[in-house]
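Read off the chains here:
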Amino acid sequence: MIGVMISKEIRTLARNRVLITFTLLTTALMFVAALMGNARVEAFDRERVEAASADSEVWLAQGERNPHAAAHFSRYAFKPIPSLALFDPGSLDFAGIALWMEAHKQNPAVYRRAEDRSDLQQFADLNPAWILQIFGPLIIFCAMFAVVAGEREDGTLRQLLSIGASSTSIIMGKVIAGMVGLLLIFTPGLLLSLAPVSQATHLVPIPDQAFRVGGITLAYLATLAVYVLVALAVSSLCQSRRSAFLTLLVIWGAAVIAIPRIAGDVASTLHPQPEAREIRRDLAAAAGAYGRDAALKERELAELLSSYDVSSQAELPVSYTAFSLQRSEEVAHPFFEEIYDGLTANHSSQDSVLGWFSAVSPTMALNRLSAGLAGVDRYHHQHFVWAAEQHRRKIVKQMNEDMLLHAGNQGGRYVSSPEFWATIEDFPYTLPKVSEFREAYAAPILTLGAQLLFALGFAAWAMRRSQTLEQTR
Amino acid sequence: MIGLLLKHELRTLFLRPVGIIALATLTIAATYALWAGGRHLQTGVAQAAAYQDSVDDSRAKWLATLQQIENGETTPSPYDARPINLRLPAALAPAPLGDFARGAFELHPTTATIGAWSNTVNLFPHYQFDNPGLVQLGKFDLAFVAVVLLPLLMIALTFDAAAADRDSGRLRILAAQPIRPGRLVFSRLLLRAAILWACLTLVALVFLFLNAGSVSFGERLGRFGVFTLGLSIYLLFWLALISLCVAFIKRSEAVIACLITAWAVLTLGIPGVVSTTAERLYPQPSRLAYLSEMREAQGDAARETAQLTAGFLVDHPELTVSDEAVPDYYRGTFLQNVEVEQRTSPILAAFVDARSRRDRLIQLTQFASPAMIAARILNAAAGADTDRQHAYQTQAREALQALAEQVGPAIVAKQRLSVADAKAIPDFTFRDDSAGTILTSSLLPGAYLALLALVGLIVARRRFEAPLEVFL
Amino acid sequence: MEAMLKASRLSKHFGSTVALHELDLEVARGEVLCLLGANGAGKTTTINLFLGFLEPTAGEATVNGLSVSAVPLETKAHLAYIPEQVALYPQLSGLENLEFFDRFAGGKRSRDELIAHLEKAGLPAEDAQRRTSTYSKGMRQKVGVAIALAKNAQALLLDEPLSGLDPAAANNFCSLLASMRDEGRAVLMATHDIFRAKDVGSRIGIMKAGRLVDLLEASSLSATEIEQVYLAHMHDEAGAPS
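To start, this report covers the structure provided alongside it. (Residues numbered from 1 in each chain as written. Chains lettered and ligands numbered in written order. Predicted model: local features only at pLDDT ≥ 70, side-chain atom pairs only at ≥ 80, totals over all residues.)

Here we look at the overall build of chain A
Right, on to step 1. Counting its regular elements, chain A contains 17 helices and 2 strands.
Right, on to step 2. The C-alpha radius of gyration computed for chain A amounts to 30 Å, which surpasses the reference 23 Å derived for 473 residues by more than 25%, pointing to a less compact arrangement than a globule.
Right, on to step 3. By principal-axis analysis of the C-alpha atoms, chain A measures approximately 105 × 40 × 35 Å.
Right, on to step 4. Burial analysis of chain A (473 residues in total) assigns 50% to the buried set.
Right, on to step 5. Of the contacts made within chain A by residues no fewer than 6 positions apart, 86% connect residues no fewer than 24 positions apart. (Helix = DSSP H or I, 4+ residues; strand = E, 2+ residues; numbered from the N terminus. Rg over C-alpha atoms; globule rule 2.2 N^0.38 Å. Buried ≥ 20, exposed ≤ 12 C-beta atoms within 10 Å, placed from the backbone. Contact = placed C-beta atoms within 7 Å.)

See the structure below:
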């Protein structure tokens, strides 16, 4: 019985020419978008490689120079782009890509590509993930609005019930057919747009790519399954095709178009971004904390003198200037961490507001998961920023130590030889595994799971209710 | 007739749950958008003023010290009142109608301290502290409500203007009366759109006054005029498109499917394709290459300060280098910046060139999507377009270059400016587009959209007047 | 006297399909003409042509001497139309619906007058205040009649108004129709109900495949005889007019 229902539903879908046209168009658009995304990501990565190499050349060509002056000039860390960004660029364009690992300062990553975009991209951003997130639910709703409402309007539902078809077999048949239809409609698009990822060997490899690709596929299919079930439920509850279609369109407009924007806006209203000027002021204060703390400086100088068993700076076998430069770095570190932790806490609060809103918009939960799995969300960005900060601390210390050991009392007049610059390592960075952020993704995964269960229950309840009503009419 | 129709529409739609929900949704959305926009406007204006004040303070102190030195009232240290330390504030506040659209305002720099320590590459202090995921979601402003949500709401409220009567059979009873039922349907469409328009305009008017704060009300009013005009024309276009669909397509599901497809194509599809194509055809030069060039120039200049100084003095034979003990890195940094300017200016020009080519393509292709036209007009009227941001950046860079020319010789010659020369250096004032300029630049696309709307409405009206055999 | 409703060689073709072929028909004031015929015989097409819902392929329909094609709006001032399903706005009461259609047709009757029309049509005042979403089919028919009465239409076009009505409601409706006929209105009614047609009709037209194949005086034949004539025509493949 269920098999008969499934085959009838699939046949109906297959004969829906409008649906087939939309599906083909979307699949083609996703594939083209993936190819364009591939070219874009490739170009960006080429820029990164060239910039890193230029940075290295400039660094090595400094000639003789004071190491602290070199630490001010310092080096840049450039953010690598994971290959999955060609499928979903997430917030890639909205986070900085170059970080100046300057002495005394923990800088934010700069050069956000979005600053070079046109105003149009505020509305639409053609990439496979965006196409699927926006148009996937719409295609599902267009395909399924009449699944039950149409049968009721045409009287075939009564006919079905009158010949003794069990309510369960009708429900199961429609649900399974919906899922099979979902796979038939979206798997080709997903596969085609994820295919270039495996070919993107030019990019920095991401360690758990296969896991991420699998996760993305599952996340999209689960979210779209929620929309399939919602469509079934609404179609069951509505008396006519027209009201089912209208209701589903309203749900689409709300869940896919309006709520994500409202959520973002409400999040920034409830947890406003601190003013950049204040952050800069705090960072500058942190950088100068050691310099302002005369008592600490005095105490440490005394300790240093006593550790070398000398009574004046001039007698020290090491450079006091370098010592205090390094101490000023170390004293600033916890302050920097406090400032950036505060900022991260602010962003986490904003994200938790988004999390609440995603309870009513599966697309938002998917958006977070997809960007996370593609390695282009805030967590991955912060991972890069933190790695760059660790590297900054390491190389600045290296330069201060060179000065500490070799500058004696020359202070700013001391210069290091060109060979020394070669001992300063390039920024080594490995893209993280997604499991490092498992706690961050638990919420959207749970939300999506709960939505799937709720939608399943809702669809079964709505279909059973509609059949009971039909029988007692 | 209008009174009767209005009463009927109120009874059958706008005072019913569906109508109340639709109007409430629009009112709440617009109210929230403008309330949040108001906060943005006031905060932006206050932040710009605070920044201006803080830099002005340091400038005043610098000038006071210079005056004391000139008056011989103090024995200056080598660091005091040096021309390299003269700083001018350049802050960008949201435009007077900045609460109506926020666009990408927060994505771009809004403060700069113009002084010879900086070059055009590092002129804008770090501002990239935002949550990237949140910036990506964009702002829920009135422009978004108007361009994206309003057409959806219009479609939901009007798609069955004829079909509801046709499917129920009421249209035949209406057609049996001595009137043209098509005219009724058309009037109904006009009325429903007018109610939505009035609702949105009313909310906008209230917030025009509520959010005015300290901004120039005259300019705000002018921009509001352009905004409302753009919004009205855009709404008229959707009314025309909906009327055409209602007039030519009988089945309500087909009407709504057609309209939603049109909405998706015009609002999402075409802008997406155009922006992606524009980005691909006219790629921006690499920001990282720009950075690398600056670093290379700085590195080279750091090694060659002596030659650069000599070269500068050859170019300025009138200069006599003072023998004051001015730190060498003042001169070094300035000369590095001059070198950076020379080496990066072609890249900066390439940015401008790529952007203007891309804008030309968008200006041409906007005629394919009324949503693009509307978004451009509304964002420009509210001053939330990237053009304004780029204009600010360009003007700040020009101001920096002008300042560098004025203070540069003194820096290299290790001299101070005279108080008179220092006072003669003009403040930075952002030259914003006036409402008139925005109106002029919006005229062609706006007129095109209005024409499209009028043609659509005329064709639809003719169709509504068609013989009943066709219409019923 | 000029006939209230008149069809002269009235034809309607949909592509190659002939829906109505050279119909000649007159309905005088105070007369009820019932059209019988199978589905697709041309009854509804005839009514639609008088209403101007369809453009004739050839010939002419006139109402009170006015050509429907030439002056469609003027002819409608004389017409009332009651379909099988009288569709009303479900959110409005019967009275509010009547008020809407009346005002819409240019009328300016007071609420009391409108209530009087509804009562005359058989709908009590208390029912008239309820929303029509709660109405039975018979009650909706009564609002349809009230619309005709309020408009003071001189010609009524009824498209299978009796189908789906229970016997008591159908009886009520026929009484109402008879009283309107007696007031001097011309009525053209398409129906499948031979017995009611005999009961209320002055003349009975039998239609087949777009042609009026017979026109009978209702008073000269019994219902059974009319049925026999009707069946004979239905079995006659040629369908030639008698």
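On we go.
Comments concerning the packing of helix α10 (residues 276-287) of chain A against helix α13 (residues 320-358) of chain A
The relative placement of two packed helices comes down to the angle between their axes together with the axis-to-axis distance.
All names here are of chain A.
Right, on to step 1. The interhelical angle for the contact between α10 and α13, taken along N-to-C directions, is 165 degrees, at an axis separation of 8 Å. Put simply, α10 runs roughly antiparallel to α13. Judged by the twist between their axes, the crossing of α10 over α13 is right-handed. Each of I279, D282, L283, A286 and A287 in α10 lies in contact with α13, whose residues at this interface are A332, F335, F336 and I339.
Right, on to step 2. When the residues that make up the contact of α10 with α13 are grouped by side-chain class, the tally is 8 nonpolar, no polar and 1 charged. (Axes fitted to C-alpha atoms, helices over the stretch in contact; angles between N-to-C directions. Parallel < 35°, antiparallel > 145°, perpendicular 65-115°, else oblique. Left-handed = near helix turned anticlockwise from the far one by under 90°. Nonpolar A, V, L, I, M, F, W, Y, C, P; charged D, E, K, R; others polar.)

What about helix α13 (residues 370-382) of chain B?
All names here are of chain B.
Right, on to step 1. Look at α13: 18 Å from first C-alpha to last across 13 residues, which is about the 18 Å you get at 1.5 Å a residue.
Right, on to step 2. Burial runs high along α13: 13 of the 13 residues are buried.
Right, on to step 3. Positive backbone phi, approximately 75 degrees, marks G383, located one or two places after α13. (Expected span 1.5 Å × (residues − 1).)

Describing the environment of B:A424
Residues and elements named next belong to chain B.
Right, on to step 1. You can see A424 is positioned in helix α15 (residues 419-424).
Right, on to step 2. Judged by C-beta crowding, with 10 C-beta atoms within 10 Å, A424 ranks as exposed.
Right, on to step 3. When the C-alpha atoms of A424 and V412 are compared, they prove to be 20 Å apart, with 12 residues separating the residues in sequence.

Remarks on the pairing of strand β2 (residues 98-101) of chain A
All names here are of chain A.
Right, on to step 1. In β2, alternate side chains face the same way, and those of A98 and W100 on one face and L99 and M101 on the other are all buried.
Right, on to step 2. With 4 bridges connecting them, strand β1 (residues 75-78) and β2 associate as antiparallel partners. Across the sheet, the residue bridging to A77 is L99, located in β2. (Pairing = 2+ DSSP bridges.)

Considerations on the arrangement of the chains
Right, on to step 1. With 2 pairs of chains in contact, the largest contact count belongs to chains A and B.
Right, on to step 2. Between chain A and chain C there is no contact, and the shortest C-alpha to C-alpha separation is 15 Å.

Overview of the interface of chain B and chain C
Right, on to step 1. Contacts between the two partners involve 19 residues from chain B, matched on the other side by 26 residues from chain C.
Right, on to step 2. Of all the secondary-structure elements, those providing two or more residues to the side of chain B that touches chain C are α1 (2-14), α6 (170-175) and α17 (468-471) of chain B.
Right, on to step 3. Its residues assigned to classes, the side of chain B that touches chain C shows 9 nonpolar, 5 polar and 5 charged.

Comments concerning the pairing of strand β8 (residues 186-190) of chain C
Residue and element names in this part refer to chain C.
Right, on to step 1. When you tally the buried positions in β8, you get 5 out of 5 residues, the bulk of the element.
Right, on to step 2. The two faces of β8 match: A186, L188 and A190 on one face and V187 and M189 on the other face are all buried.
Right, on to step 3. Of the strand pairs in this sheet, strand β3 (residues 32-37) and β8 are connected by 4 bridges, and their pairing is parallel. Its bridge partner being in β8, C34 is matched across the sheet by M189.
Right, on to step 4. With 5 bridges joining them, strand β7 (residues 155-159) and β8 adopt parallel strand pairing. Bridge assignment links L157 to a residue of β8, and that residue is L188.

Any link to function would need more than the numbers given here.
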